Amino acid sequence: MAARGGAAARPASAAGNKTCQFKLVLLGESAVGKSSLVLRFVKGQFHEYQESTIGAAFLTQTVCLDEATVKFEIWDTAGQERYHSLAPMYYRGAQAAIVVYDITNQESFQKAKNWASPNIVMALAGNKADMANKRAVDYEEAQAYAEDNGLLFMETSAKTSMNVTDVFMAIAKKLPLGAGPEPARDTVDPSQSTQRASGGSCCK
Amino acid sequence: MALIADAGLLGMGRRLGEARLGAVVLAGSENGATCLNGMPVAPGAVRMLGRLGRLQELEEHPLLARHVAIIRSTTVPNAAILISEHYEESIEDLIFLERLPESAIRNVAGQIAEALCHLHERRVVAGGMDVSHVLVVPPPPRLQQLQQKAGRIHIRLARFGLPLLSDDGRDLATPIGVAHAMAPEQLLAPPPLPRWTVPVKGSTSGRLAPCSRKADVWAAGIVLLQLCTGVVVSQCFSTREWLALMNDVIRDAADGPRDVSLFEGLARSLCEQTAAAGARLGRVRAAYGRLVTVAGECLRLRTKCRPSAPELLQRLKDDGYTREESDEDWSEMSVEEMGRIVDEEEKDEDRVVKSMPIDDVFFLWTLSGASVEKILLDRGVVKTKPPVLAGALVAVDDLQLTGNEEGRRFDAVITTTVLPMTNLREKVRSLNALTLLHSMEATAGRLPTWREGEERLPVVVKEKDVSYQAARMSLLAHLLASHSHLQQAQPALLQAAVAADVPPLRRAGVWRALLGVSPLDGDQFAALDTVSAHTSDRQLEVDIPRCHQYEEVMTSPSAHYKLKRLLKAWLEAHPRYVYWQGLDSLAAPFLLLNFENLPMALACMTSFIDRYTRDFFLKDNSHIIQEYLAVFNHLISFVDATLYTCLAEMDFFPELYAIPWFLTCFAHVLPLHKLLHVWDALLRAETSFPLFVGVSVLLQLRPSLIGASFNDVILLFSDLPDLQIDRILSDTRELYARVPRSCVHLAQRREEGHTMTEYTAAQLRTFCCPRLSREDLIDLVQREAVAIVDVRSPPEFHRGSIVRSVNYPNVDDATMGSIRTLLETAQANRHPICIVDVATMTVAKRFSSLLVSNGVCGVTMLDGGYDAVRNTPALIRVGSGI
Ligand SMILES: Nc1nc2c(ncn2[C@@H]2O[C@H](COP(=O)(O)OP(=O)(O)OP(=O)(O)O)[C@@H](O)[C@H]2O)c(=O)[nH]1
Ligand SMILES: [Mg+2]
């Protein structure tokens, strides 16, 4: 098995502005739209029939902030709970996470609450906001939960692209851009919070 | 890919004979609804796609024309094209041309009643039957005179079953059938009759009152009325006029007795049209009085008073109707006569194409470069106007479709377009008749040889080659038929026959045979509960609408429903297993190939999983998967040590990318059309085949992997490029033939013939190359196809060693001094290198790692070390080798 995750410091550089690379993982129940959010963010596309994710998928995207360029290594994981036994391998060393739920599905929100990690930048995304007529999760409730737990919060729609880039931007702004390669961080695994990772952000 | 009918086991189905192929455009209804997950509900045309099979199932009846295929239109949004067996003349033409003798009326009526009986017994409604749908089957040329003399007419009912196909018209934008054939209750359905006008303006769906069996009987009565009067209603009455007439007749009859019939009222009006009509009706009344009575019964106003189809048939039989199966009675024929018939048949240039199953003919027709849509466009049946005026304005016949809005106007005269077949006929004529007939020999144990190199062409090329497919289909039809008769007595022959490729139209049958599934294996399905709630329901609910949805048929509601039942049945039948995402993708090919036969789909899927993905679907599958991936990693090192090393150096292990590959046997990774080709090859092979496919994928990606960064590599795997399946398959076959089986030994699969030490996945991960079994070593030594390096100490080596092995105890000497040539030769010859150590294999592990990191391919370790072969005299030389 891989001894380290994919986020081991791999410097990227851009002329002038410094470039930072971060590993970000998407978590949340099956069919809430994790893959769709990533696809919208990275390729600007939306597939009605996005196929389910087995194991994990990997994509990268770069966003520019005033002070730095942030390159995200995005790990999109499988939502089915059975696959969680595989998940540590994928989110090991992540510095950021987006926990996604589907605003039309209360259960997906309850499951989203199971993911927590104090030491990484986390966002809660209530996806499928375009389907507000079938809403099952209150905006206020989710927002309150996010505030209590120190999470960024937004309702998004991979379909209309509402707030999609914004979530990633908000995360980028909260990441420690100034720091050099960082020491290992805790993972986001609720059960194995002591796992170490060798990854860290890297700016130059 | 069109949904392929299951011509598999029996291989045949109806022959083309004198038939043509006819195309009918069905405009789908629109509904903007969405389902769970916000995905749109499939449009009407797509919904219809999944239902054809139900109709095909019940068509093995000589009085029903075969519905061959249904395809989604690409030019007209939301339209489907139904391809059916067609004949150029219908009863309508015969009546109109005055070529239908009065003496034939009863016979035609009887055949219609029989066709309706067959349908109704199977709870299918014909729907909107009209004289133009009662086709006349011409006799083979040599029988024409005979039949004419006897005054016999063979009919076949076409265009039946649209209610089933369209969910009682819900999925059609047009009404089913013509107004002239509609029963009073259909016309009287809201809105009420006086204001009732056709076309139904502004309706988004062509639904009238649903078709029913009694409405079918009415329609039969209208056909009879036309037969008796010799008047073709649609020629003499516009829709509007006919409706007005119906209106009057119904009003007149309203005060009549309960079982009042509209026959006389309608007949009177028809007879007013021409003098001949009245005269004919008079003659018919006199000669065939009971027939006219029966027609009257069919046209009773109240549905309850009309006879059912079986009653109708019985009445006609009582009146003397019998159906002749054939005009020829071979039993009464002299040998000379038979000989003459055979000779005459031989003279028919088109006898080959005529003897082909009609489904095969359509398949070959599409291969011969023809396109249904192009023909429909050329003929003006379907018109696409430039999108200047009204967005994409499209007209189907005189049916106007303006995008999705309301305001469609239609008067549903849907015409059948005959597909020209000259091209295909010529192609088939040019085929060597022998190529098609050699299938007989094959059953006797010999396989035909194909034209030089033809078999080796890329499979996509072969699948487009009319003559190749025609020959292959005929061969496999015979093999499959004998396969099922002989209870799989010839698996080797079938295996060999499909080594090069599997014809798409024979795939269902070939797969069943290769998976060893017999028709009896389907029996368990009925006992399984596929309806009750299951813990996986929610996951199925969200996965099925995402499963292979680029494939049109898979988006239809019937496909979703069936896939769900199939998966639930499998879970029910295997309590040990659970639903892992990806199982849906794996089930899809079996569903598509056995669309109307879920029990068979289940039997195939069960056999497949048992053979190729055994235990992957256990609730706790981690040890199985880990072992599988460890063995896969060893295989990479064996095949391409440089690639292995390069991936290992960046910590890029199979866990990161290969789980979906093996869990679903690539079903979640490859699009269906590629997957089918991979599985065609897979099904001929043993359980380890997927590992070889995996390595071949890596080999194809190799240029992008060597020297790339971790990110680039994983990006590549997340979004696999378009893989060349032919190359993957040829690489896979080569590797599968070359790599000793014990190198891919899986403890969980317990393969016969190898004694291997069982290690845990964690232990396996400490090896960087595969192990070789004693049995494989014996075989390789006999073939002189192995280089053996013994890393034990010289004293041990000299006490006893394997023949032709070389002692290389100083494994840390990286120069490989004395064995350099040996290793080079082995690699040049693609021979495995076998490292022999003591049973603990500590040194072997170290040495193999050194070799692999130096890019040496084919490295293996003898499983169990020297002890494993110590007692095999054939392999051992004692006290020699100094
Ligand atoms: N209406 C709407 N549908 C969405 C949105 N995002 C995703 N979907 C649909 O929801 C379904 C599931 O989306 P995916 O992106 O596959 O979900 P996932 O979370 O990656 O699912 P798993 O891979 O099974 O974990 C797909 O059919 C999407 O088209 C959205 O914002 N609005
Ligand atoms: Mg996903």
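Residue numbers here run from 1 along each chain, matching the order of that chain's written sequence. Following the order in which they are written, the chains are lettered starting with A and the ligands numbered starting with 1. For a predicted model such as this one, the threshold for reporting local features is a pLDDT of at least 70, and the threshold for listing and counting side-chain atom pairs is 80 or more; totals across whole chains, interfaces and linings nevertheless cover every residue. Side-chain figures throughout are based on the complete set of non-hydrogen atoms in the structure, without hydrogens or water.

A short note on the overall build of chain B
Put simply, DSSP H or I for four residues or longer makes a helix, DSSP E for two residues or longer makes a strand, and each gets a number counted from the N terminus. When its secondary structure is counted, chain B shows 41 helices and 16 strands. Across the 882 residues of chain B, 58% fall into the buried class. Note on areas: Shrake-Rupley, 1.4 Å probe, and residue coverage restricted to the protein chains presented here. Accessible area for chain B stands at about 35200 Å²; split by element, carbon and sulfur atoms hold 53% of it. When a residue's accessible area, from a 1.4 Å probe over protein chains only, is under 20% of the maximum for its type it is buried; when over 50% it is exposed; and in between it is partly exposed.

Re the coordination of the magnesium ion (ligand 2)
Residue and element names in this part refer to chain A. Within the protein, the magnesium ion (ligand 2) binds to S35 (OG) and T53 (OG1); these donor distances fall in the range 2.0 Å. Of this pair, S35 sits in helix α1 (residues 34–43) while T53 is found in the loop between α1 and β2 (56–64), placing the two residues 18 residues apart along the sequence. As far as burial versus exposure is concerned, S35 and T53 are alike and both buried. Metal donors: N, O and S atoms at distances within 2.8 Å, or within 3.2 Å for Na, K and Ca, with water omitted from the atom set so that some sites may seem incomplete.

Considering unusual backbone geometry
Only a minority of non-glycine residues have a phi that is not negative, and only a minority of peptide bonds are not trans. Within the chain, K128(A) stands out as a residue other than glycine whose phi angle is a positive 70°. Mapped onto the elements, K128(A) comes out in the loop between β5 (121–127) and α4 (139–148). If you check the backbone angles, E784(B) has positive phi at about 50° while not being a glycine. Note on placement: E784(B) falls in the loop between α38 (774–782) and β11 (787–790).

Examining the interface of chain B and chain A
Opposite the 38 residues of chain B that make contact, chain A presents 37 residues. By convention, the term buried area covers the 1.4 Å-probe accessible surface removed from two parts as they join, with the contributions of both added. Between chain B and chain A, roughly 3300 Å² of surface is buried when both sides are summed, and carbon and sulfur atoms account for 54% of that area. Counting the surface chain B buries against chain A, the share from its top three residues, R538(B), R546(B) and Q581(B), is 19%. Any Lys or Arg side-chain nitrogen found within 4 Å of a carboxyl oxygen on Asp or Glu counts as a salt bridge. Counting the contacts that link chain B with chain A gives two salt bridges. For the salt bridge of K43(A) with D719(B), the shortest nitrogen-to-oxygen distance reads 2.8 Å. For this analysis, a polar contact is any N or O atom pair within 3.5 Å, provided that within protein one partner can donate a hydrogen and the other can accept it, and provided that sequence-adjacent residues contribute only side-chain to side-chain pairs. Counting across the interface, chain B meets chain A through 14 residue pairs in polar contact (both at pLDDT 80 or more). What makes two residues a contact is simply this: any of their non-hydrogen atoms within 4.5 Å.

What to know about the pairing of strand β2 (residues 67–72) of chain B
Strands are treated as partners if at least two bridges between them are detected by DSSP. Here β2(B) runs beside strand β3 (residues 79–86) of chain B; their pairing, made up of five bridges, is antiparallel. Residue pairing in the sheet places A69(B) in a bridge with I83(B) of β3(B).

A closer look at the sheet that holds β11(B)
Residue and element names in this part refer to chain B. One open sheet accounts for five strands, arranged β10-β15-β14-β11-β13; its pairing is parallel. Only two strands of the sheet have a single partner each, and these edge strands are β10 (771–772) and β13 (805–807). Bridging between β11 and strand β14 (residues 833–836) involves four bridges; their strand directions are parallel. Residue pairing in the sheet places I788 in a bridge with C834 of β14. Helix axes are fitted only over the stretch in contact, all axes being lines through C-alpha atoms; the angle between N-to-C directions runs from 0 to 180 degrees. Packing against the sheet, helix α40 (residues 820–828) makes contact with β11, β13 and β14, and its axis sits at approximately 145° to β11.

What about helix α34 (residues 689–705) of chain B?
Residue and element names in this part refer to chain B. Its 17 residues place the ends of α34 23 Å apart at the C-alpha level, agreeing with the 24 Å of an ideal helix rising 1.5 Å per residue. Note that the bend at a residue is defined as the angle between axes fitted to the seven residues ending at it and the seven residues starting at it. L699 marks where α34 bends most, by close to 35°; the proline P703 follows one to four residues later. Remark: G707 follows α34 within two positions and exhibits a positive phi of approximately 80°. In this analysis, the expected span of each helix is defined as 1.5 Å times one less than the number of residues it contains.

Considerations on the packing of helix α8 (residues 213–229) of chain B against helix α12 (residues 275–287) of chain B
Residues and elements named next belong to chain B. The contact between α8 and α12 brings their axes to 7 Å, and the two run at 100°. Taken together, the axes of α8 and α12 lie roughly perpendicular to each other. Taking contact as the criterion, the partners of L227, C228 and T229 in α8 are, on α12, A277, R280, L281 and V284. Class assignment of the residues belonging to the contact of α8 with α12 gives a composition of five nonpolar, one polar and one charged. Angular relationships are summarised with four words: roughly parallel below 35 degrees, roughly antiparallel beyond 145, roughly perpendicular across 65 to 115, and oblique for the angles in between. Classification convention: Asp, Glu, Lys, Arg as charged; Ala, Val, Leu, Ile, Met, Phe, Trp, Tyr, Cys, Pro as nonpolar; all other residues, Gly among them, as polar.

Digging into the site of ligand 1
By convention in these notes, a residue is near a molecule or strand provided one of its non-hydrogen atoms lies within 4 Å of it. The environment of ligand 1 is formed by 27 residues, the closest being S30(A), K34(A), S36(A), D130(A) and R546(B). Of the chains in the model, those with residues near ligand 1 are chains A and B. Between D130(A) and ligand 1, the recorded distance is 2.7 Å, taken from a side-chain N or O atom to a nitrogen atom. S157(A) places a polar side-chain atom, nitrogen or oxygen, 3.4 Å from an oxygen atom of ligand 1. When grouped by side-chain class, the residues that make up the shell around ligand 1 number seven nonpolar, 13 polar and seven charged.

Description of the pairing of strand β4 (residues 96–102) of chain A
Residues and elements named next belong to chain A. In terms of burial, β4 is a largely internal element, seven of the seven residues being buried. Here β4 shows two buried faces, one formed by A96, I98, V100 and D102 and the other by A97, V99 and Y101. Where strand β1 (residues 18–28) lies against β4, five bridges are found, and the strand directions are parallel. Counterpart to L26 in the pairing with β4 is I98. Where β4 meets β5, seven bridges bridge the pair, whose relative direction is parallel. When the bridges of β5 are listed, A97 appears paired with M122. When the strands point away from the viewer, a crossover counts as right-handed if the route from the first strand across the helix to the second turns clockwise. Viewed along the sheet, the connection from β4 through helix α3 (residues 106–112) into β5 turns out right-handed.

Here's the deal with the sheet that holds strand β9 (residues 417–419) of chain B
All names here are of chain B. With antiparallel pairing, four strands are arranged side by side in an open sheet as β2-β3-β1-β9. In this open sheet, the two edge strands, each paired with only one partner strand, are β2 and β9. The sheet shows a mean angle of 30° between the axes of neighbouring strands, direction not considered.

Remarks on α12(B)
All names here are of chain B. End to end, α12 covers 19 Å across 13 residues, agreeing with the expected 18 Å (1.5 Å per residue, within 8%). Of all the positions in α12, only A277, R280, L281 and V284 are classed as buried. Taken around the axis of α12, the buried residues stretch over an arc of 100°, which confines them to a single face. Along α12, exposed side chains directed more than 90 degrees from the buried face belong to A275 and A286. In this fold, the buried residues of α12 make contact with α4 (105–121), α8, α11 (263–273) and α13 (289–298). Throughout, the arc means the angular range of directions from the helix axis out to the C-beta atoms.

Some thoughts on the side chain of R14(B)
Residues and elements named next belong to chain B. You can see R14 is positioned in the segment before β1 (20–27). The exposure class of R14 is buried, given its relative accessible area of 10%. In terms of polar contacts, R14 uses its side chain to reach the side chain of E85, at 2.8 Å.

Brief notes about the nonpolar core
Residues and elements named next belong to chain B. Among buried residues, the Ala, Val, Leu, Ile, Met, Phe, Trp, Tyr and Cys ones that are joined through side-chain atoms within 4.5 Å form a nonpolar core. In terms of nonpolar packing, the biggest core is built from 188 residues, with F608, W661, W679 and L777 touching the most fellow members. If one sorts the elements of this core by residue count, helix α30 (residues 622–639) sits on top with eleven residues. Ignoring any residue separated from it by four or fewer positions in sequence, one finds L777 in contact with L772, V786, I788, I802, C834, L862, V869 and L875. In terms of nonpolar packing, the next biggest core, distinct from the first, is built from 90 residues, C211, L262, F263 and L316 among them.

Thoughts on the confidence of the model for chain B
Residues and elements named next belong to chain B. Confidence scores labelled pLDDT are given residue by residue by the predictor and lie between 0 and 100. Mean pLDDT over chain B works out to 84, with 85% of the residues at or above the 70 mark. Low pLDDT, under 50, characterises residues 190–207; the stretch is placed with 39 contacts to residues that sit more than four places away or in other chains. Reported confidences for the modelled complex are a pTM of 0.86 and an ipTM of 0.84.

Section: the packing of α4(B) against helix α14 (residues 309–318) of chain B
Residue and element names in this part refer to chain B. Where α4 meets α14, the closest approach of the two axes is 8 Å, and the angle between their N-to-C directions is 150°. Put simply, α4 runs roughly antiparallel to α14. As for how α4 packs across α14, the hand of that crossing is left-handed. Every residue of α14 that contacts α4 at R106, A109, G110, A113, E114, L116, C117 and H120 is listed here: A309, P310, L312, L313 and L316. Among the residues making up the contact of α4 with α14, the classes are represented as nine nonpolar, two polar and two charged. It is the rotation of the near helix from the far one that decides the hand of a crossing: anticlockwise by less than a right angle makes it left-handed, clockwise makes it right-handed.

Notes on a nonpolar patch on the surface
All names here are of chain B. A grouping of L457, V460 and V461 is seen on the molecular surface, where their side chains present a nonpolar patch of about 220 Å² in accessible area. Here V460 is to be found in helix α22 (residues 459–462). According to the relative accessible area criterion, V460 is partly exposed, its value standing at 44%. The patches described consist of residues with a relative accessible area above 30% and no salt bridge, like charges being joined within 9 Å and nonpolar side chains (Val, Leu, Ile, Met, Phe, Trp, Tyr) within 5 Å.

Concerning the pattern of salt bridges
Taken as a whole, this structure holds 51 salt bridges over all chains when the rule is applied. A salt bridge links R738(B) to E734(B); the shortest N-O distance between them is 2.7 Å. With a gap of four residues between them, R738(B) and E734(B) both fall in helix α36 (residues 725–738), about one helical turn apart. R738(B) sits in the partly exposed class, given a relative accessible area of 25%. One continuous salt-bridge network, built from bridges that share partners, spans E29(A), E81(A), E107(A), K111(A) and R538(B).

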